[in-house]
Amino acid sequence: MDNNTDKKPSFFSGLTGQILIAMVLGAILGIIIHNYISPEDAAAFSKKINILATIFIRLVQMIISPLVFTTLVVGIAKLGDIKAVGRIGGKAMGWFFTASFVSLLLGMFFVNILEPGVGLNLPSIDLSSASEVTAKTQNISFENFIEHIVPKSIFEALATNEILQIVIFSIFFGLAAASLGDYVKPVTNALEKMSHIVLKMVNYVMKFAPIGVFGAIAGVFAVRDFQELAITYFKFFGSFLIGISSLWVVLILVGYIFLKSRMTVLLKRIVSPLIIAFGTTSSEAVFPKLTEELERFGVKDRIVSFMLPLGYSFNLDGSMMYMTFASIFIAQAYGIDLDIGTQMTMLLVLMLTSKGIAGVPRASLVVVAATCGMFDIPIEGIALILPIDHFCDMFRSATNVLGNALATSVVGQWEETKGSETVSIES
């Protein structure tokens, strides 16, 4: 009798194991390159090896727009009316703003308690390195926020992966389709089939994830002396890790309150997306994979397709926590005392301005720089955190994925419970 059929696949033969191996190999290669070749050659190597990560992220980006559009339109068409969309949307926004406020508050709490910027002396910091980020702060305005919400062309939004704009168009399109009933069923059926094709593409694209992670990790370690960074930024990075770990504890505890034992199943489901986001510093890179895993977890496809695109614009918990932490850290480093009232005002400003920059590269840093400018904190202070930002970004990207997975699962369970209650009443 052949017992081989009973064997489970090895951990390292799965995607998660392969990504972890890629991270270790990438770090080893990067450290070797950094230690044994000249800084100029290491920088050139980093630029070239980063192409692997760029290719993977671009592969993911090419399927985000069609996936969001097709799944969201079909999901809304299945919801059937404006009342259902409004109900789910209301729950989503309530969750998002509560989670954002808690995340911002945690960042403010830990940066004040641990004071990582007090007494900081970094004379070798090149303030001109922040010019790329500070140049983008002019885009942070109420007008920019409106532009990021309302698309002037759906084709432009699709081409530039403006998720929030695609969501707005898809909501109108889905509601119009739902109002026309059976007449447009061939269209919604075609879009549903297209969404399945795109989800199948996800499986193919994810095979490149270990290669992308390898390139990203090798590239950063080739140009960064991790030991030197660890010593210089020990207090900042250590304080940040305490804060982000506390946010994970809060999110997981909230998950167990609402999902009970199913929270354990959810965490197992999203291990792979979490590791990909961590390795590539891109929560966007796992959007398709997260969609697939949440549907496997049991969340209705119409809920997933509605919640995730909104979450990627409004529910970036890790980034929110980092924004207050980094902003007040820079103030501390410059010896600027901010009273609690001013910090709470800063928190509210961050709550609003951060919602208008979905899709902006290094969005968290751009918002931090803009906020510092509003409160007379030198925006060049961004240069203080640039050397360590990549490593912070790994943690906040993974946290963003956890927050969105949790929000989608909880709202999905609320809707499932409501549906059961409706059936019970009708019976």
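Residues numbered from 1 in each chain as written. Predicted model: local features only at pLDDT ≥ 70, side-chain atom pairs only at ≥ 80, totals over all residues. Heavy atoms only, no water.

- Going by the annotation in an unreviewed UniProt entry, the name recorded for the chain is Na+/H+-dicarboxylate symporter, with Flavobacterium weaverense given as the source organism.
- UniProt, in the comment section headed Subcellular location (unreviewed entry), describes the chain in these words: "Cell membrane". (UniProt positions renumbered as here; feature names shortened; annotations may be inferred.)

1. Examining a nonpolar patch on the surface
Point 1. On the surface, Ile-21, Val-24, Leu-25, Ile-28, Ile-32, Tyr-36 and Ile-37 cluster together to form a nonpolar patch covering roughly 660 Å² of accessible area.
Point 2. Tracing the backbone through its elements, the reader meets Tyr-36 in helix α1 (residues 15–36).
Point 3. Tyr-36 gets classed as exposed once you look at its relative accessible area, which sits at 69%. (Patch = residues over 30% accessible without salt bridge, like charges linked within 9 Å, V, L, I, M, F, W, Y side chains within 5 Å. Areas by Shrake-Rupley, 256 points an atom, 1.4 Å probe, with all protein chains shown as cover. Salt bridge = Lys/Arg side-chain N within 4 Å of Asp/Glu carboxyl O. Helix = DSSP H or I, 4+ residues; strand = E, 2+ residues; numbered from the N terminus. Buried < 20%, exposed > 50% of the residue type's maximum accessible area, 1.4 Å probe, protein only.)

2. Overview of the UniProt feature "transmembrane region" (unreviewed entry) in the chain
Point 1. Mapped onto this numbering, the UniProt entry gives "transmembrane region" (unreviewed entry) at residues 12–37, 49–74, 95–114, 163–184, 204–224, 236–259 and 365–386.
Point 2. Here residues 163–184 is 82% helix and 0% strand, with 25 Å between the C-alpha atoms at its ends.
Point 3. Spanning residues 204–224, this segment combines 86% helix with 0% strand, and its end C-alpha atoms are found 32 Å apart.

3. Regarding helix α8 (residues 185–206)
Point 1. For α8, built from 22 residues, the straight-helix expectation of 32 Å at 1.5 Å per residue is met to within 8% by its first-to-last C-alpha distance of 32 Å.
Point 2. Those residues of α8 not exposed but buried are Thr-188, Leu-191, Ser-195, Val-198, Leu-199, Val-202, Val-205 and Met-206. When α8 is viewed along its axis, its buried side chains cluster within an angular range of 110 degrees and face the same direction. Pointing more than 90 degrees away from the buried face of α8 are the exposed residues Pro-186, Lys-193 and Ile-197.
Point 3. Buried-residue contacts for α8 involve α1, α2 (39–79), α7 (163–180), α9 (209–223), α13 (271–280) and α14 (287–297). (Expected span 1.5 Å × (residues − 1). Arc of directions from axis to C-beta. Contact = heavy atoms within 4.5 Å.)

4. What to know about the packing of α8 against α14
Point 1. At a closest axis distance of 9 Å, the pairing of α8 and α14 adopts a crossing angle of 120 degrees. Here α8 lies oblique to α14, going by the angle between them. For the pair α8 and α14, the sense of crossing is left-handed. Along the contact surface, α8 presents Leu-199, Val-202, Asn-203 and Met-206, while α14 presents Pro-288, Lys-289, Thr-291, Glu-292 and Glu-295.
Point 2. Class assignment of the residues belonging to the contact of α8 with α14 gives a composition of 4 nonpolar, 2 polar and 3 charged. (Axes fitted to C-alpha atoms, helices over the stretch in contact; angles between N-to-C directions. Parallel < 35°, antiparallel > 145°, perpendicular 65-115°, else oblique. Left-handed = near helix turned anticlockwise from the far one by under 90°. Nonpolar A, V, L, I, M, F, W, Y, C, P; charged D, E, K, R; others polar.)

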